[in-house]
Amino acid sequence: MTDKDINEKLEKAINDQINAEFYSEYFYLSMYAYFERMNLQGFKNWMNVQMQEEHAHAMGLFEYLQERGGKVVLEAIEKPKTDWSSPREVFEDVLKHEQLVTSKINALLDVAEDVHDRAAVSFLDWYLKEQVEEEANVGNVLKTLNLVCDDKQCLFMLDKELASRTFTAPVIG
Ligand code: FEO
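The model shown is predicted, which means the values in this text are computed figures rather than measured ones. (Residues numbered from 1 in each chain as written. Predicted model: local features only at pLDDT ≥ 70, side-chain atom pairs only at ≥ 80, totals over all residues. Heavy atoms only, no water.)

### Brief notes about the overall build of the chain
A count of helices and strands for the chain gives five helices and zero strands. Along the first, second and third principal axes, the C-alpha set of the chain runs to 60 × 25 × 25 Å. With 173 residues in all, the chain has 47% of them scored as buried. Partitioning the intrachain contacts of the chain with sequence separation of at least 6 by distance along the chain shows that 81% fall at a separation of at least 24. When the accessible area of the chain is evaluated, it comes to approximately 9,500 Å², of which 52% is carbon and sulfur surface. Averaging the locations of the 18 positively and 32 negatively charged side chains of the chain gives two centres separated by 4 Å. (Helix = DSSP H or I, 4+ residues; strand = E, 2+ residues; numbered from the N terminus. Buried < 20%, exposed > 50% of the residue type's maximum accessible area, 1.4 Å probe, protein only. Contact = heavy atoms within 4.5 Å. Areas by Shrake-Rupley, 256 points an atom, 1.4 Å probe, with all protein chains shown as cover. Lys, Arg positive; Asp, Glu negative; His and termini not counted. Charge placed at Lys NZ, Arg CZ, Asp CG, Glu CD.)

See below:
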């Protein structure tokens, strides 16, 4: 246990972000279940990787808060949506969600800046860069779904492509 070395407002904001990252994991787990029902194994794999990334994001913040002597307070995780009309609708939701997460990370950085915590700003910068990558990744899948995937054959081809995504544990901070 380290001595408390973090502003309380920032501690609360990091705890909120931990909850948002665990919610993201839960949200993608719900999409994982949807793709299982649709028997789209590649899409399901994509969601499995995404869930693991979100778990790593949550734990990165969790460990950072502890390292700074802060108190981790876990809150209830909101119930995610369970049904979608198509894979395209799923990815529209993913993009919207990641855009929301980006705005949350920006707000968290604002708090770190407001309390003049440069160490936290530097740590949280990683999350902002990660969001740029996430939005680009999702945008690419959505572009394919929007532009060329109007038939089942295309969906199966995309499913094959998404099956190759693998999880590499991120080095955070
Ligand atoms: Fe952890 Fe997808 O944001």
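That was the structure; now back to the text.
### Re the packing of helix α2 (residues 41–67) against helix α3 (residues 87–114)
The geometry of α2 relative to α3 is characterised by a closest axis approach of 13 Å and an angle of 15° between their N-to-C directions. For the element pair α2 / α3, the angle class is roughly parallel. The hand of the α2/α3 crossing is left-handed. For the pair formed by α2 and α3, the contact residues are Phe43, Trp46, Met47, Gln50 and Glu54 on the first element and Pro87, Val90, Phe91, Val94 and Glu98 on the second. Tallied by class, residues from the contact of α2 with α3 come to seven nonpolar, one polar and two charged. (Axes fitted to C-alpha atoms, helices over the stretch in contact; angles between N-to-C directions. Parallel < 35°, antiparallel > 145°, perpendicular 65-115°, else oblique. Left-handed = near helix turned anticlockwise from the far one by under 90°. Nonpolar A, V, L, I, M, F, W, Y, C, P; charged D, E, K, R; others polar.)

### Re α3
With 28 residues, α3 should cover 40 Å at 1.5 Å per step; its first-to-last C-alpha distance of 40 Å lies within 8% of that length. Just beyond α3, the residue with positive phi is His116, at close to 55°. (Expected span 1.5 Å × (residues − 1).)

### Regarding the pattern of salt bridges
With the rule as written, the count across this model stands at eight salt bridges. With a shortest N-O distance of 2.5 Å, Lys44 and Glu36 are connected by a salt bridge. Lys81 is paired through a salt bridge with Asp93; the nearest N and O atoms lie 2.7 Å apart. Of the two residues, Lys81 sits in the loop between α2 and α3 while Asp93 sits in helix α3, which places them twelve residues apart along the sequence. Of the residues examined, Asp93 reaches a relative accessible area of 12% and is grouped as buried. Each of Asp5, Arg68 and Asp117 takes part in salt bridges that share partners, so that together they form one network. (Salt bridge = Lys/Arg side-chain N within 4 Å of Asp/Glu carboxyl O.)

### A word on helix α5 (residues 152–162)
Residues of α5 that are buried: Cys154, Leu155, Leu158, Asp159 and Leu162. For α5, the angular spread of the buried residues around the axis is 145°, confining them to a single face. Seen from the open side of α5, the exposed residues pointing more than 90 degrees away from its buried face are Gln153, Met157 and Lys160. Against α2, α3 and α4 (118–147) lie the buried residues of α5. (Arc of directions from axis to C-beta.)

### A look at a negative patch on the surface
A contiguous patch of negative charge on the surface is contributed by Asp110, Glu113, Asp114 and Asp125. The leading source of residues in the negative patch is α3, at three residues. By the secondary structure assignment, Asp110 is in helix α3. (Patch = residues over 30% accessible without salt bridge, like charges linked within 9 Å, V, L, I, M, F, W, Y side chains within 5 Å.)

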